[in-house]
Amino acid sequence: MLTGVRQPSMTRCRACTLVAIVFALASPASAQSTAQIPLRFDFLTPGARSLAMGGAFLGAADDATAAFSNPAGLARLRRIEISAEGRFRRTETSFLSGGRISGSITGRGLDTIAGPVYGMDVDDRFGPTFLSVVVPAGRVTWAVYRHELARSDNAFQSDGVFERLTFAGVTTDENRDIPLAGRRQMAIDDYGGSVATSLTSRVAVGGGVSVAHLSLDSSFARLGLTSLYGVVDPTRVSATAVQAAHDTAVAANAGVSWRASPRLTIGAAVRRGPAFTFTQEDRVFDQDVDLVRAGRFKVPDVWGAGVEWRPAEAWRVLADYDYVQYSQLKADFLDFQAIASNRADRVRLDNGHEWHGGVEYQRLNGRVPLALRGGLWYDPDHVPRYVAAGTPDEEDVLLAATLPGGHHLVHYTFGLGVLVAGVEINGGADVSSETNYATMSAVFRF
């Protein structure tokens, strides 16, 4: 997306500032980036109970968080409920920061490391993430909620990788990509309402509409060098890119719940993500280039199904499958960032097939009612990656190092809940090699 000019006989600017997803995101989503820093979407269902059970909740959907995850579950609730959650999240994201991606190291200045070097951005965040009110009214149950769909603050600086370059028939190892720095701040808040009703004693349906707001402020700059093998000079800026969005869009969800037997409940839900408008301005100063474009930022849709099985009175086992359409982020948002390379079609962004499982044990006959929970879930690699066609050229090598793809992750979860003075208090944690969550929620029933 940024196309600076060649610095005298030593560097060239590459249009390699592409998106590298996460969510998260996730939930959840999780990661994508203009210039390597991911946007993670958090698509985990809200609430400490569901998080502690591996995010498996579509079959159960038996508290106020069902308004977002599976609104059909609201039909089970026959008392007024107020639910609130606060969540801590730590996300670690790697980015290409330096090293040599091709050719032989020269041993001069910073050119001493063979192979790419990846830095790490750490985003720690804590705050309120979910609030809902549920009100039964005759044969229907209503709910209103506020949900933090995504929030991140990432920053990075790439010193510019050393590489082999062939120009006008001459091949040299004395070449360096232009350094790049940037920061992105993003927040998506969702305000919605849901309603559910029981069609029969076993079948319930529900749906909802929400209004989501996106705030996106990102800035990226190509920087100068003190010398070919020297350090970055942040005062010399040859090109910039700015992404901005302050837009509101409508989203919707729907669900169904079927009590197949006294011990088995099956649920399914779909969440259609909002589509926002964003702008991107690219400037190259010494070429007098100033390009402004508007595009679509589409939050991925999520389709899911789950089961709740109660093998005994005190036990329940849950399992969910979610299909997350991450590829919807490619059109405009990802492709805008790859357009200058003329190779946007080689950037792949896979949809996610997630599997969630959890278990809960309830001890209700003690002085303090207690629930113990545990679970895990499979988070497939859904980070954009560059795939070269045919024999890789020098541009392919750089783009592949910038967008190497991500990893399949397994998240381990645990937590507990207690009932104190009529208030249900739940805590949970989600641990993986790249993201960690800790959450606490409270449910008041009247």
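Description of the structure in this document. (Residues numbered from 1 in each chain as written. Predicted model: local features only at pLDDT ≥ 70, side-chain atom pairs only at ≥ 80, totals over all residues. Heavy atoms only, no water.)

## Thoughts on helix H4 (residues 394-402)
Buried within H4 are the following residues: Glu395, Asp396, Leu398, Leu399, Ala401 and Thr402. At its buried positions, H4 is contacted by strand S2 (81-100), strand S3 (115-137), strand S7 (176-177) and strand S19 (385-386). With a side-chain oxygen lying 3.2 Å from the backbone nitrogen of Glu395, the N-terminal cap of H4 falls on Asp393. (Buried < 20%, exposed > 50% of the residue type's maximum accessible area, 1.4 Å probe, protein only. Helix = DSSP H or I, 4+ residues; strand = E, 2+ residues; numbered from the N terminus. Contact = heavy atoms within 4.5 Å. Polar contact = N/O pair within 3.5 Å; in protein donor to acceptor, adjacent residues only side chain to side chain.)

## Quick look at the environment of Gly352
Turning to its location among the elements, Gly352 is positioned in strand S17 (residues 352-363). On the accessibility criterion, Gly352 (0% relative accessible area) is buried. Gly352 has contacts with Asp322, Tyr323, Val324, Tyr326 and Pro380, leaving out every residue within four places of it along the chain.

## Some details on the packing of aromatic side chains
All chains considered together, the criterion is met by 9 aromatic pairs. Look at Phe130 and Tyr145: their rings are 6.1 Å apart centre to centre, the planes differ by 20°, and that puts the pair in the stacked class. In this pair, Phe130 sits in strand S3 while Tyr145 sits in strand S4 (residues 140-158), placing the two residues 15 residues apart along the sequence. Seen in terms of ring centroids, Phe297 and Phe333 are 4.8 Å apart; in terms of plane orientation they differ by 70°. Their pairing is edge-to-face. Here Phe297, found in strand S13 (residues 289-298), pairs with Phe333, found in helix H3 (residues 330-338); they are 36 residues apart in sequence, far enough to count as distant. By way of ring pairs, the aromatic residues Phe68, Phe130 and Tyr145 are connected into one cluster. (Phe/Tyr/Trp six-rings, centres within 6.5 Å; stacked < 30°, edge-to-face > 60°.)

## Re the pairing of strand S10 (residues 232-261)
Where strand S9 (residues 203-225) lies against S10, 23 bridges are found, and the strand directions are antiparallel. Counterpart to Val209 in the pairing with S10 is Ala252. Taken together, S9 and the strand that follows it, S10, pair antiparallel across an intervening segment of 6 residues. Bridge count for S10 against strand S12 (residues 275-284) is 6 bridges, and the pairing is antiparallel. Counted as the bridge partner of Ala239 is Val284 from S12. Pairing analysis gives 9 bridges linking S10 to strand S11 (residues 264-272), with the strands arranged antiparallel. Bridge assignment links Ala252 to a residue of S11, and that residue is Arg272. Taken together, S10 and the strand that follows it, S11, pair antiparallel across an intervening segment of 2 residues. (Pairing = 2+ DSSP bridges.)

## Some words on H3
Turning to H3, its buried residues number three or more, namely Lys330, Phe333, Leu334, Phe336, Gln337 and Ala338. Contacts from the buried residues of H3 go to strand S8 (180-198), S9, S10, S12, S13 and strand S16 (347-348).

## Brief notes about a nonpolar patch on the surface
Taken together, Ile80, Val133, Val135, Trp142, Val144, Phe444 and Phe446 make up a surface patch of nonpolar side chains, about 630 Å² in accessible area. Residue assignment for the nonpolar patch shows that the elements contributing at least two residues are S3 and S4. The residue Ile80 is located in the loop between helix H2 (66-69) and S2 in this model. Since its relative accessible area comes to 36%, Ile80 is described here as partly exposed. (Patch = residues over 30% accessible without salt bridge, like charges linked within 9 Å, V, L, I, M, F, W, Y side chains within 5 Å. Areas by Shrake-Rupley, 256 points an atom, 1.4 Å probe, with all protein chains shown as cover. Salt bridge = Lys/Arg side-chain N within 4 Å of Asp/Glu carboxyl O.)

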